[in-house]
Amino acid sequence: MSKLVFFCVGTGGHVFPVKNIVLELIEKGISSERIIVFTDARGKRYLNDINVKIFTYDFFYSSSGILSYFGKIKKILISVHFVYKILKPLKISFIFTSGAYIAPIASLISIILRIKMYSQEQNIEAGFGNKFASYFSKKVFTSMRS
């Protein structure tokens, strides 16, 4: 049975789109056993009421811009390894990320495992994470119209 993998972190603005998609999939008859969500402690609090496999991890995020990503490459690679170990033995249909600082990790995982990735940007101006992910996404969904 192939898995559907979602990445969302941080605030409700990044988590609620994933939560709503997951709830819709379950309502449409997709087994909750097929769904995996990766999030952080902040995001997890919005997902406590859904019955899917949720992995919570302290993913790296930058409060000082793009340069700090380069300074924390080791932490990013450790995060990628954490996700890789979980997903490697599984058959995965796709990866979906709602952006933010987890989007580059989702992108790297999609490249390593050769899995299609889709991303979503809800802000009028994309942040670094989604700009990076957009180069590797099969399709980017947006909530704003420019």
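Above this text sits the structure in question.
Residues numbered from 1 in each chain as written. Predicted model: local features only at pLDDT ≥ 70, side-chain atom pairs only at ≥ 80, totals over all residues. Heavy atoms only, no water.

Peer 1: I'd love a proper account of the pairing of strand 5 (residues 117-121), names of residues and values included.
Peer 2: Of all the 5 residues making up strand 5, 4 are buried; the element is thus mostly covered by neighbouring parts of the structure. Here 3 bridges tie strand 4 (residues 92-97) to strand 5, and the two strands are oriented parallel to one another. Opposite T97, over in strand 5, you have S119 as the bridge partner. (Buried < 20%, exposed > 50% of the residue type's maximum accessible area, 1.4 Å probe, protein only. Helix = DSSP H or I, 4+ residues; strand = E, 2+ residues; numbered from the N terminus. Pairing = 2+ DSSP bridges.)

Peer 1: Which residues make up the nonpolar core, and what values do they have?
Peer 2: Within the largest apolar cluster, 25 residues are counted, with the highest numbers of intra-cluster contacts made by V5, F7, F38, F59, V83, L87 and I95. Elements supplying a minimum of two residues to this core: strand 1 (3-7), strand 2 (35-39), helix 4 (73-87), strand 4 and helix 5 (103-113). Sequence-distant contacts of V5, that is, excluding residues within four places in its chain, are made with I36, F38, L87, I92, F94, I95 and F96. Counting 13 residues, the second-largest nonpolar core is a separate cluster that includes L4, F6, V37 and V52. (Core = buried A, V, L, I, M, F, W, Y, C linked by side-chain atoms within 4.5 Å. Contact = heavy atoms within 4.5 Å.)

Peer 1: Describe the pairing of strand 1, with residues and values.
Peer 2: Taking burial as the measure, the 5 residues of strand 1 include 5 buried ones, the bulk of the element. Every second residue of strand 1 is oriented toward a common face, with K3, V5 and F7 on one face and L4 and F6 on the other, all of them buried. The pairing of strand 1 with strand 4 spans 5 bridges and is classified as parallel. Bridge pairing in strand 4 places K3 opposite I92.

Peer 1: Lay out the pattern of salt bridges in plain terms, naming residues and giving numbers.
Peer 2: The final tally for this structure, using the stated rule, is 3 salt bridges. K75 is the partner of D58 in a salt bridge, and the nearest nitrogen-oxygen pair spans 3.9 Å. Taken together, the residues span a long stretch of sequence, with D58 in the loop between strand 3 (53-56) and helix 3 (67-71) and K75 in helix 4 at a distance of 17 residues. Overall, the relative accessible area of 55% leaves D58 in the exposed class. (Salt bridge = Lys/Arg side-chain N within 4 Å of Asp/Glu carboxyl O.)

Peer 1: Quick rundown of helix 5? Include the residues and the values.
Peer 2: The buried count for helix 5 comes to 8 of 11 residues, which makes it a mostly enclosed element. A103, P104, I105, A106, S107, I109, S110 and L113 are the residues of helix 5 that are buried. R114 occupies a position one or two residues after helix 5 and carries a positive phi of about 55 degrees.

Peer 1: Tell me about unusual backbone geometry, residues and numbers included.
Peer 2: Residues other than glycine predominantly adopt negative phi, and peptide bonds predominantly adopt the trans conformation. Notably, R114 is not glycine yet its phi reads approximately 55 degrees, a positive angle. Of note, R114 is situated in the loop between helix 5 and strand 5.

Peer 1: So, helix 1 (residues 12-27): which residues are in play, and what are the values?
Peer 2: With 16 residues, helix 1 ought to run about 22 Å at 1.5 Å a step, and its terminal C-alpha atoms sit 21 Å apart, in line with that. Regarding helix 1, the residues found buried are G12, H14, V15, V18, K19 and V22. The buried residues of helix 1 occupy one face: seen down the axis, they fall within an arc of 155 degrees. Those residues of helix 1 hidden inside the fold are in contact with strand 1, strand 2, helix 2 (41-44) and strand 4. (Expected span 1.5 Å × (residues − 1). Arc of directions from axis to C-beta.)

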